[in-house]
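Coordinate inspection notes
Okay, here's what each chain looks like letter by letter:
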Amino acid sequence: MLLRYAFSRLRSTQVAVVHCSAQTSSRHVLQKLGQTCLLLSSNTGRVFRPKDCENLVLYLKDINLPKPDKWGTSNLIAFLQQVLTYKGFYDENLEWVSLENIQVVASMSTGGAVGSHSLTSRFSSIVRICTIDYPDREQLQTIYSAYLQPVLQHSLGSQASWASTGKTHQLAGSLVQLYEQVKAKFTVDDHSHYLFTPCILTEWVLSLLRYDLTAAQSNVTDSVLEVVAYEARRLFRDRLVSSKDLHTFDNILSSIIRGDWGSDTLDNMTDGFYVTWGATEGAVLAPGQSLPPHGKQLGRLDSADLKQVIQKGVVLYSRDNRELDLLLFWEVCDFVSRVDRVLSRPGGSLLLAGRSGVGRHTATSLVSHMLGYTLFTPKISRGYTLKQFSNDLKTVMQLAGLEGQQIVLLLEDYQFVHPAFLEMVNSLLSSGEVPGLYTPEELEPLLSSLKDAASQDGFTGPLYNYFSYRIQQNLHIVLIMDCSNSNFTINCESNPAFYRKCSVQWMEGWSESSMKKIPELLLAKTEGGGEENERDKSTKGRSSAGYAQGDLCHLFLMVHESCREHGATPSQYMSFLHVYTAIYSRKQSQLTTRQLHLQAGVSKMNEAKALVDELKRRAAEQSALLKTKQQEADSALQEITTSMQNASDQKTEMEKIKGKMAQEVTKIEERKAKIDDELKEVQPLVDEAKRAVGNIKPEALSEIRSLRMPPDVIRDILEGVLRLMGIFDTSWVSMKSFLAKRGVREDIATFEARNITPEIRLSVEELLNRNKASFDPKNAKRASAAAAPLAAWVKANVQYSRVRERIEPLEREQAGLLENLRKTESRKNKLEDQLNSVGAKVNELKEKFQCYTTEAAKLEAEVTKAQDTITAAQQLISQLDGEHTRWNAQMSEIKNELDTLPMRAMLAAAFITYLSAAPEDRRKHCLETWMAQSGLQKFDLRSFLCTESEQLIWKSQGLPSDDLSMENALVILQSVACPFLIDPSSRATEWLCTHLKQHRLEVINQQDTNFMTSLELAVRFGKTLIIQEMDGVEPVLYPLLRRELIAQGPRYVVQIGDKVIDYNEDFHLFMATRNPTPVIPPDAVSVITEVNFTTTRAGLRGQLLALTIQQEKPELETEKTRLLQQEEDKKIQLAQLEESLLETLATAQGNILENRELIDSLNQTKASSALIQESLLESHRLQASLDQERDAYLPLAESASKMYFVITDLSKINNMYRFSLASFLRLFQRALQAKKEADNTEARIAALEACLKNMVYEYICRSLFKV
C-alpha cells in the first residue's frame, strides 16, 4: 500500500510489476522489460528505455521466492545483481544491453516459510533496505475506524445515524481485536495458509458494502453484528483446518461479540446463509456486463429456502450439462454459499483445499451455472503440454479481457501435468497476465479492439494494462487441490498468489451430523426412485425393525472413521454407500424371492392340511346326509304303494257308478219320448199361434182399442187372452190398457204356457164353452183382423195347458231321474278327480323317489371319493412333513438373514471400499472390530458374496487359491469404482483376462502407441478394457473414472482428451500394474479401487501348499476339487428340486389334493431330495478327512514362505538383490521333484525342506557381490 502510494506520486513514471514465484527467473524480467521498454541502438550500444514514459519502475514482488539451484544460486538475484552493479546485462547473443531511466524496486515478506529463501549478502549489500512492520493495534483501530465510517453510512441508508463516531470506533476495535487474537492463535507454523495480514481487515470492511445491514435483525446493532460476524467466519473460519481450530475461533468470535456488545446475535446465525439469490437484485448478469466494484449484493436465506434454490439450479444444470446427482445436506448449502460469495465479486478466485469427493467441483460448477458464468477447464489429453495450456489460457484471457465475459477457470491437481502450469496460474492471479504468453505481434491486433472500451472507462495507461485489469476483474480462477498431496504445501508456498489472491476454503470433510444424514438421504432416494411393491415395503419394514436406520447410519460413520487414518476420503464414503445399496438391494431381492416361494409352499401345505380337516368334516356331514336321503327315499316308496292301493278301490267304485248312470239315462230317454209324443200334436198349434200373434199389425190392435164398446166376439177373445196372462180385470178399460202396452204382441208371443195354472185354464175353458161362437175363426176374423190370431192363440194355449197337466207326472219323474243322474255324475267326476290327483301324486312321489335315490348315490360316490382323497392327502402330508418343517425353518432363517442383512451388506461394502488394498492381518482385524461394533456373531465374506461353484471356476481360470486372492477377486467383481490391480506376479491379471474373455475383452499396455484409439473405441462400443503396465493414473482417464457423463438427449457422452466420445453403458475398465509400489495421487485413489495382490506370507503359504499337494498327492487335490464340485452341483440340484417343488405347489390351480399328477411329481421330487441330502452329508465327511491330509504338508509351505520373505529382505542390503516370486516358485517346484526316499509324510517334508534350502542357498550365493 505504501509503495503504491509512493508510485502514484511520481510523475512521468510507469510501474512494471513482476510477481515472483519459485520458478521466476531473469527470463521473466526480460519479458516484462520487452513489453514496457524499447530496445534502441545508441552510440554507446544497445539500450532499454521506457516505452510510454520517461521513467520506469521495475517492481519485483516477493523477491525471496525464486528457488535457488543446487549450488544455492538464484538466477533472478544474480541477474538483478548484475543489472544494479553494471547498469546493464549481456543478452543471449553475449551483447551488452544497457538500462536507462529504469529503477528496480523489490519487496518481500519476512518469515521462514517453506517457499521463501534468503537473499545473498552480495545482493543485499548493493541495495537500500527498508523494513516496514505491521501497524500496532491502536493504529489499526484508527485506520479501520476511518474505513468503516463511509462504509456504514452507505450500507445503513436510513439508519446511518447509527454509524456515529463512538459506534464506528467500537466496531473497528472489535474487528482489530478479532484479527489480533486469530493471528496470535493460528500461525503459519501450524499451517502455511494461516497467513493473516491487515489486508484481510480491509477486505472485511469493504465486504460490508455487499450487505443490507438493516435487513437481518429488527435491531440495527444486532443486524450489523450478524453481518460482521458472518463475514468474519467467511474470512477467517473457512480456512481453518481442524474441528478444534474451528471451535477455538467460534469461542473467540463469541467472546468478542458478547464482551464488546453484549449481543447474542450469534445464536440466531446457525441456519442463515448470505447468497446472491437472497438479494433483491437478480443473480444472473447479462452477457458482457461487469460486476459491481465490491461484488453483487448478498441477501439472507435460511437452509430450507437455499435448498430450494439449489434444487432448481440442479435441475437447470442437469438440463444444460451433465446429470447432477446431488444430496442436499448442510455442507452442500455451506459450500455453495461460500463459492457464490467469492465468485460474485470482481476477480474473486478460490483455492478449494480438501479431500476428493467432498463436493468442491460440484459446488463450483453449479454456482457458475447459476450465476450465468462460463466455466472452462482444460481438457487434458496425452500430449497436453505447455503449448496447449498456453492456448487454453489465451482463450480464457481473451474471453475475460476482450469480450468482458465472466469466466471461471477450474483447475484440479491432475491437470497440472507440468510444474510451469502452476507458475503461469500464479502470474495470472497476481497481475492478470502471463509473461511471455503473447508476442508483440499477437498483442497488437488483440488490444486494438479495447481502445473504445478503455476510453469509455477513462483508462489512460497502456492498453495492455487495461487488458490485464479486465482479466483481473472478469476471470475467476478456482483451484481444487488435495490437501493430502505431498506437494500441496510446497506448491502453494512457492506460488504466493494462491494464498494472497485466492480465498482459501478448507473443505476436507463433512460434519459428523452430515455424515449420518447422508446415508438417510441416499437410502431414501434409492428406495423412492421408483414405485415399490408391498413385498419390498414389508421387507424394508422388517429389516429396519432389526436395525433402526439411525443405528445403521451411525455404523456407516463408525466404519468410515475407523479407516480415516488409512486415508479414507468423502468420495470413498459415497462409494461405500453406493456399494452397500447395490449389495443390499441384490441380496434383499434374492432373499425375499426365496421367502415368497417358501411362503407359497408352506401356505399350500397349510391349505392342504386345512383341506383334509374340511374334507373329513364334510365327509361326516355327507354320510349323515346320505342316511337322511335314503330314509326319505324309503318313505316316498311307502307313500307310492299306499296311493296306488287307494286308486284301485276308487276305480272299482267308479265302474259301478258308470253302470248305474247308464240305466238312469235309459229311463230318462223313455220318459222323454213319452212326453215328446204327448206334445208333438199340440206344440205346432202353439207355435203357429205365436207366429200369427207376432204377425198382427199394430193398426189392427189400434182399431180394436179405438172402439168405444167392443163387439162380444172381440170382448170374449180379449178376456180369454187376459185370463191366460193372469189379468183378472176383464173390463174394457183394462183390455184397452193391455192393448196399449208397448210390446204387447211380443208379450203374447213369448208367453210361456207352462205358467198357466189349472184354475186359469178351467176358467178359460168355461169361457170357450160358453161363448164358443166368439172363438170361431170365421167370426173372429169378421170381427177384427187381430181377433182371429188371438182366438187361435187362446185355444192353442188352453189345449197345451191341458196336455201339460196330463204329462206333469212324467216330467216330475224325469226331473227326479235327471237329479239322480246329476248326483251320480258328480260322484263320478269327484272319483275321476281323485284318481287323477292320485296319479299326479304318484308321479310326484316317483320323481321324489328318483331324486332321493340319485342324490343318495351321488353322496355315496362323493363320500367314497372324499375318503380316497383324505387317504391320499394324509399320505402326501406325511411325506412332505419334513419339507414343511424344513421350509418353516428356512423361513425363520431367511427372516433372521433379512434382519441382519443391513449389517452384513454394510460389512461387505466396507471391505470392498476400504480394505481392498489392505494386507490380510488388517483385513481380519477390521472385520472383527466392525462385527463386534455391529453386534454380528459371525460373517463370512466369501460365502456372502459368492458361491463355492464360482470360486472353483476362478481357481480353474488360474486365480491363486489363497484367501487374499479370493477376497480380491470378489472386490474386483463387486466394486463400483474402477479396480486398479497391483499385481507383481501378473497371475491375477492373467486370471482376469481369462475370466472376462467372453465380455468383448481388449487388453492394452499404457505405453502402447494406439492407447488413445483403443480407449476411445472401447468406450464407444462398450468393450471391456484391461490396461496393463500402469505407472499411475493418467489424467486423460479422470473423466471416465469419475463418470463425468454428459447427457445429450437419450445418449451419454464423455470427454476423453480433446474428443467427446459416445459412452456405452456396457463399457468396463480395469487397470493393472506389476509395480508393487505405484505412485497414485490422492485425488485418483478416491476414484479407483486399489486391489493389492502383492504376495503376503499367508497368501504365499496357501499357494505353496496347493503346489505341494499337486506334486506330492495330486489325487488329494483332484478328489477335493471333485468333492467340492460335486457338493456344489448337489446343492444346486437340491435347490432346483426344492425350487421346482415350491414352484409346483405355488402355481398349482385349484385343489392340490385332487391333482394326482401333482402329487406323483411331489413324491418323486421328495425322494430325489432325500438322496441328495444323504450325498451332501457324505461329501462333508470326505472333505473333512481330505483337509486333514492336506494340512499335513502345511509345515513345508510355512517354511518355504518364510524363506521367500527372508530373501526378499536382501534388497535392503543392496538394491540389486531383488528376486521375483516366479523364480522362487520355479525353485520350489524343482525341489518338489526330488526323489521320494522316505515312506512317511514327516520324513518326506523334512527331506523337501532340506532340498529347498540347498537350492535357494546356491541360487542366492551366485547373485551376491561379496562372499
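Not measured: the values here are computed from a predicted model. (Residues numbered from 1 in each chain as written. Predicted model: local features only at pLDDT ≥ 70, side-chain atom pairs only at ≥ 80, totals over all residues. Heavy atoms only, no water.)

**Things to note about the overall build of the chain**
If you tally the helices and strands in the chain, you get 45 helices and 22 strands. When burial is assessed residue by residue, the chain has 49% of its 1267 residues classed as buried. When the accessible area of the chain is evaluated, it comes to approximately 62,000 Å², of which 50% is carbon and sulfur surface. (Helix = DSSP H or I, 4+ residues; strand = E, 2+ residues; numbered from the N terminus. Buried < 20%, exposed > 50% of the residue type's maximum accessible area, 1.4 Å probe, protein only. Areas by Shrake-Rupley, 256 points an atom, 1.4 Å probe, with all protein chains shown as cover.)

**With respect to the packing of aromatic side chains**
Enumeration according to the criterion identifies 32 aromatic pairs in this entry. Note on tyrosine 580 and tyrosine 584: the rings are 5.6 Å apart at their centroids and 20° apart in plane angle, and the pair reads as stacked. Pair noted here: tyrosine 580 and tyrosine 584 are both in helix α23 (residues 570-694), with a separation of 4 residues, about one helical turn. For tyrosine 584, a relative accessible area of 10% puts it in the buried group. Three or more aromatic residues joined by ring pairs make a cluster, and in this case those are Phe186, Tyr194, Phe196, Trp204, Phe236 and Phe249. Directly above the aromatic system of phenylalanine 376 lies the positively charged group of lysine 379, at a separation of 5.6 Å from the ring centroid. (Phe/Tyr/Trp six-rings, centres within 6.5 Å; stacked < 30°, edge-to-face > 60°. Lys NZ or Arg CZ within 6 Å of the ring centre and 35° of its normal.)

**Side note on the nonpolar core**
Grouped together as the largest cluster of nonpolar side chains are 125 residues, with contacts concentrated most on Leu178, Phe236, Met397, Leu479, Leu1037 and Met1071. Residue contributions to this core peak at 9 residues, all from helix α8 (residues 220-235). Sequence-distant contacts of leucine 178, defined by excluding residues within four places in its chain, comprise Trp204, Ala232, Phe236, Phe249, Ile252, Leu253 and Ile256. Ranked by size, the runner-up nonpolar core spans 105 residues in total, among them Val336, Ala910, Leu992 and Val1091. (Core = buried A, V, L, I, M, F, W, Y, C linked by side-chain atoms within 4.5 Å. Contact = heavy atoms within 4.5 Å.)

**Concerning the sheet that holds strand β1 (residues 13-19)**
The 3 strands lie next to each other as β1-β4-β7, forming an open sheet whose pairing is parallel. The two strands at the open ends of the sheet, each matched to only one other strand, are β1 and β7 (102-107). Direction aside, the axes of adjacent strands within the sheet are offset by 20° on average. (Pairing = 2+ DSSP bridges. Axes fitted to C-alpha atoms, helices over the stretch in contact; angles between N-to-C directions.)

**Observations concerning helix α43 (residues 1194-1208)**
With 15 residues, α43 extends 21 Å from end C-alpha to end C-alpha; this agrees with the ideal 21 Å at 1.5 Å per step. Taken together, the buried positions of α43 are Leu1196, Ala1197, Glu1198, Ser1199, Ala1200, Ser1201, Met1203, Tyr1204, Phe1205 and Ile1207. Considering only its buried residues, α43 is in contact with α40 (1097-1112), α44 (1221-1232) and α45 (1241-1261). (Expected span 1.5 Å × (residues − 1).)

**Looking at the pattern of salt bridges**
For side chains of opposite charge, pairing can occur when their charged atoms come near one another. A full pass over the atoms with the stated rule returns 30 salt bridges. Between glutamate 1029 and arginine 1074 there is a salt bridge whose closest N-O contact spans 3.0 Å. Of the two residues, glutamate 1029 is situated in the loop between β17 (1024-1028) and α38 (1038-1041) and arginine 1074 in the loop between β21 (1068-1073) and α39 (1082-1085); the sequence distance between them amounts to 45 residues. Under the relative-accessibility criterion, arginine 1074 is labelled partly exposed at 46%. When salt bridges with common partners are traced through the structure, they connect Arg234, Asp238, Asp334 and Arg338 into a single cluster. (Salt bridge = Lys/Arg side-chain N within 4 Å of Asp/Glu carboxyl O.)

**Describing the pairing of strand β10 (residues 349-354)**
Along a regular strand, successive side chains alternate from one face of the sheet to the other. Counting buried positions over the 6 residues of β10 gives 6, a clear majority of the element. On β10, burial covers both faces: Ser349, Leu351 and Ala353 on one face and Leu350, Leu352 and Gly354 on the other are all buried. Pairing between β10 and strand β14 (residues 502-507): 6 bridges, direction parallel. Across the sheet, residue leucine 351 finds its bridge partner in β14, namely valine 504. For β10 and strand β13 (residues 475-482), the ladder comprises 5 bridges, and the chain directions are parallel. Along β13, the bridge assignment pairs leucine 351 with leucine 479.

**Quick notes on the pairing of strand β6 (residues 96-99)**
Pairing analysis gives 3 bridges linking strand β3 (residues 45-50) to β6, with the strands arranged parallel. Looking at β6, one finds that phenylalanine 48 is bridged to leucine 99. Connecting strand β5 (residues 88-90) to the antiparallel partner β6 that follows it, the hairpin turn spans 5 residues, and leucine 94 within it adopts a positive phi of roughly 65°.

**Structural notes on the packing of α43 against α45**
Where α43 meets α45, the closest approach of the two axes is 10 Å, and the angle between their N-to-C directions is 15°. Between α43 and α45, the angle is such that the two are roughly parallel. Pair α43 / α45 crosses with right-handed handedness. Residues Pro1195, Leu1196, Ser1199, Ala1200, Met1203 and Ile1207 of α43 touch α45, and the partners they reach there are Ile1245, Leu1248, Glu1249, Leu1252, Lys1253, Val1256 and Ile1260. (Parallel < 35°, antiparallel > 145°, perpendicular 65-115°, else oblique. Left-handed = near helix turned anticlockwise from the far one by under 90°.)

**As for α8**
What sets the pattern is the α-helix's 3.6 residues per turn: residues three or four places apart point alike. With 16 residues, α8 extends 23 Å from end C-alpha to end C-alpha; this agrees with the ideal 22 Å at 1.5 Å per step. For α8, the buried fraction is high: 16 of the 16 residues fall into the buried class.

**Focus on the confidence of the model for the chain**
On average, residues of the chain carry a pLDDT of 80, and 82% of them reach 70 or more. Confidence drops under pLDDT 50 across residues 529-546; counting only partners more than four residues distant or on other chains, this segment forms 21 contacts. (pLDDT = per-residue confidence, 0-100.)

**Quick notes on unusual backbone geometry**
A negative phi holds for most residues other than glycine; trans holds for most peptide bonds. Despite not being glycine, serine 986 has its phi angle at roughly 65°, a positive value. Along the chain, serine 986 falls in the loop between β15 (978-982) and α36 (987-995). Backbone geometry at glutamate 1029 places phi at a positive 55°, although glycine is not the residue there. Since its relative accessible area comes to 25%, glutamate 1029 is described here as partly exposed.

**Some points on the environment of glycine 259**
Along the chain, the position of glycine 259 falls in helix α9 (residues 243-261). You can call glycine 259 exposed: its relative accessible area is 59%. Separated by 85 residues in the primary sequence, glycine 259 and serine 174 have C-alpha atoms spaced 9.5 Å apart.

**Considering the state of the cysteines**
Evaluated as defined, the whole model comprises 0 disulfides. Not part of a disulfide, cysteine 926 finds its nearest cysteine sulfur in cysteine 563, a span of 5.4 Å. On the accessibility criterion, cysteine 926 (9% relative accessible area) is buried. (Disulfide = S-S within 2.5 Å.)

**Description of the side chain of serine 26**
If you trace the backbone, serine 26 turns up in helix α2 (residues 26-36). Of the residues examined, serine 26 reaches a relative accessible area of 15% and is grouped as buried. Ignoring anything within four residues of it in the chain, the contact list for serine 26 reads Asn75, Leu76 and Phe79.

**Digging into the environment of arginine 987**
Here arginine 987 shows up in helix α36. Under the relative-accessibility criterion, arginine 987 is labelled partly exposed at 29%. Counting along the chain gives 22 residues from arginine 987 to serine 965, while the straight-line C-alpha distance between them is 9.8 Å. Discounting chain neighbours no more than four positions away, the residues touching arginine 987 are Gly958, Pro960 and Gln1103.

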